[in-house]
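Given next are the chains, with one letter for each unit.
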Amino acid sequence: MQRWRGVDETPADWGRSVVTIGVFDGVHLGHQQIIRRAVADARERGLRSVVLTFDPHPSAVVRPGAHPAILTELEYKGDLLAELGVDGMCVVPFTHEFSQLAPDSFVHDVLVEHLHAATVVVGENFRFGHKAAGDVTMLTELGKTFGFSVDAVPLAAQAEGGETVYSSTYVRSCVAAGDVTAAAAALGRPHRVGGLVVRGANRGGSQLGFPTANLHHTPDVAVPADAIYAGWLTRAIDGKPLPAAISVGTNPTFAGRERTVEAHIIDFSGDLYGEQVALDFVERLREQRAYDALEPLIAQITADVAESGKILGLLGLDGPL
């Protein structure tokens with residue numbers, strides 16, 4: 001998949017294409033339905049498919065300080081789009097100036113002049129242009145003027161006849177509550193937090209016998225609620241998922257104040273300092289607790305690691321390893 005930043009960087013040989021537009025934060029199952037529709041349409045017609053997305057999140061510009069936590073950082077979003085068969089990802093730098101574009105200017109300058117849209121595939125609630133003045137009806141009328149068709153995809157619900165529609169807001173609420181199982185059901189995969197392994201207090205290895213990889217992540221990423229989780233740690237260097245018990249919180253037994261994300265990799269020895277890794281949160285085990293002594297804490301961690309192993313398919317059970 002080709003990736004470029006700014007419509008001016010669209011490849012010179014980029015012909016007519018099927019375009020889908022959105023922030024697509026999370027690339028959840030609702031997003032996937034729209035994107036797959038665009039990919040299928042493009043392939044059927046011998047065209048290229050392109051996702052037009054934005055960075056930073058538009059809310060960070062329109063409502064600074066009140067923007068939502070990010071579910072998928074840009075590089076990971078691109079990887080997910082590539083897995084869906086998208087041919088190109090065009091990232092528009094979302095600036096105050098860009099937010100002022102009138103709907104017809106957005107269509108002409110971006111969709112027609114640069115991406116050569118033959119069809120534009122969007123969700124039925126799609127809005128665009130300054131103050132979200134444009135909707136699907138307006139987009140369809142502009143398409144008649146500029147020579148492209150519009151495919152408005154109905155919003156996907158979480159179950160047939162269900163009332164809850166897939167949305168990034170819903171997934172964020174699940175992650176914030178620590179319900180990573182519900183988040184995964186909406187995403188179609190576990191929620192992921194990526195970052196750099198840094199040195200922590202070293203209590204896990206020196207005092208508890210369970211060394212951990214401490215994750216330094218970007219401040220705006222959506223981190224699950226304080227709790228203990230079963231999950232996977234994937235190293236960027238080889239892409240192999242390793243089973244892990246993950247702790248999110250302030251280490252209350254040690255009266256910690258800084259919120260940390262750290263993972264004990266089951267049956268692993270080695271040094272991950274300075275490596276880029278990703279944590280996939282599979283299931284919540286329990287809340288964070290403070291213990292009066294190290295012995296009961298160590299016993300609980302031992303139980304957490306064993307339970308994580310069972311959940312992740314280790315110890316002779318069916319699973320991905």
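Residues numbered from 1 in each chain as written. Predicted model: local features only at pLDDT ≥ 70, side-chain atom pairs only at ≥ 80, totals over all residues. Heavy atoms only, no water.

By the naming in an unreviewed UniProt entry, the protein is Riboflavin biosynthesis protein, taken from Phytomonospora endophytica. Heading Function (unreviewed entry) of the UniProt record for the protein holds this comment: "Catalyzes the phosphorylation of riboflavin to FMN followed by the adenylation of FMN to FAD." (UniProt positions renumbered as here; feature names shortened; annotations may be inferred.)

K.L.:
A description of the pattern of salt bridges should follow, citing residues and the corresponding values.
P.N.:
All told, the structure shown has 13 salt bridges when counted by the stated rule. With a closest N to O distance of 2.9 Å, Arg-37 and Asp-151 form a salt bridge. Residue Arg-37 is found in helix H1 (residues 29-45), and its partner Asp-151 is found in strand E6 (residues 149-153); the two are separated by 114 residues along the sequence. On the basis of relative accessibility, which here comes to 37%, the residue Arg-37 falls in the partly exposed class. Asp-304 is paired through a salt bridge with Arg-286; the nearest N and O atoms lie 2.8 Å apart. With Asp-304 in helix H10 (residues 294-311) and Arg-286 in strand E12 (residues 276-286), this residue pair connects regions lying 18 residues apart in the sequence. The two residues Asp-304 and Arg-286 agree in class, both being buried. (Salt bridge = Lys/Arg side-chain N within 4 Å of Asp/Glu carboxyl O. Helix = DSSP H or I, 4+ residues; strand = E, 2+ residues; numbered from the N terminus. Buried < 20%, exposed > 50% of the residue type's maximum accessible area, 1.4 Å probe, protein only.)

K.L.:
Please provide a residue-by-residue account of the pairing of strand E11 (residues 260-265), values included.
P.N.:
If a strand is regular, its side chains alternate between the two faces of the sheet. Counting buried residues along E11, 6 of its 6 residues qualify, which places the element largely inside the surrounding structure. The alternating pattern of E11 places Thr-260, Glu-262 and His-264 on one face and Val-261, Ala-263 and Ile-265 on the opposite face, and all of these are buried. Inspection of the sheet shows strand E8 (residues 213-216) paired to E11 by 2 bridges, in the antiparallel sense. Each residue of the ladder has a partner; that of Ala-213, found in E11, is Ala-263. Here strand E10 (residues 241-249) runs beside E11; their pairing, made up of 6 bridges, is antiparallel. The residue bridging Ala-244 from the neighbouring strand is Ile-265, located in E11. (Pairing = 2+ DSSP bridges.)

K.L.:
Would you mind going over the sheet that holds strand E4 (residues 88-93) in detail, with residue names and values included?
P.N.:
Read across the sheet, 6 strands follow the order E1-E4-E3-E2-E5-E6 without closing on themselves; strand pairing throughout is parallel. Each having just a single partner strand, strand E1 (2-5) and E6 make up the two edges of the open sheet. Across the sheet, the mean angle separating the axes of adjacent strands is 20° when strand polarity is ignored. Bridge analysis of strand E3 (residues 48-55) against E4 gives 6 bridges, and the strand direction is parallel. Considered in E4, the bridge of Thr-53 is made with Val-91. (Axes fitted to C-alpha atoms, helices over the stretch in contact; angles between N-to-C directions.)

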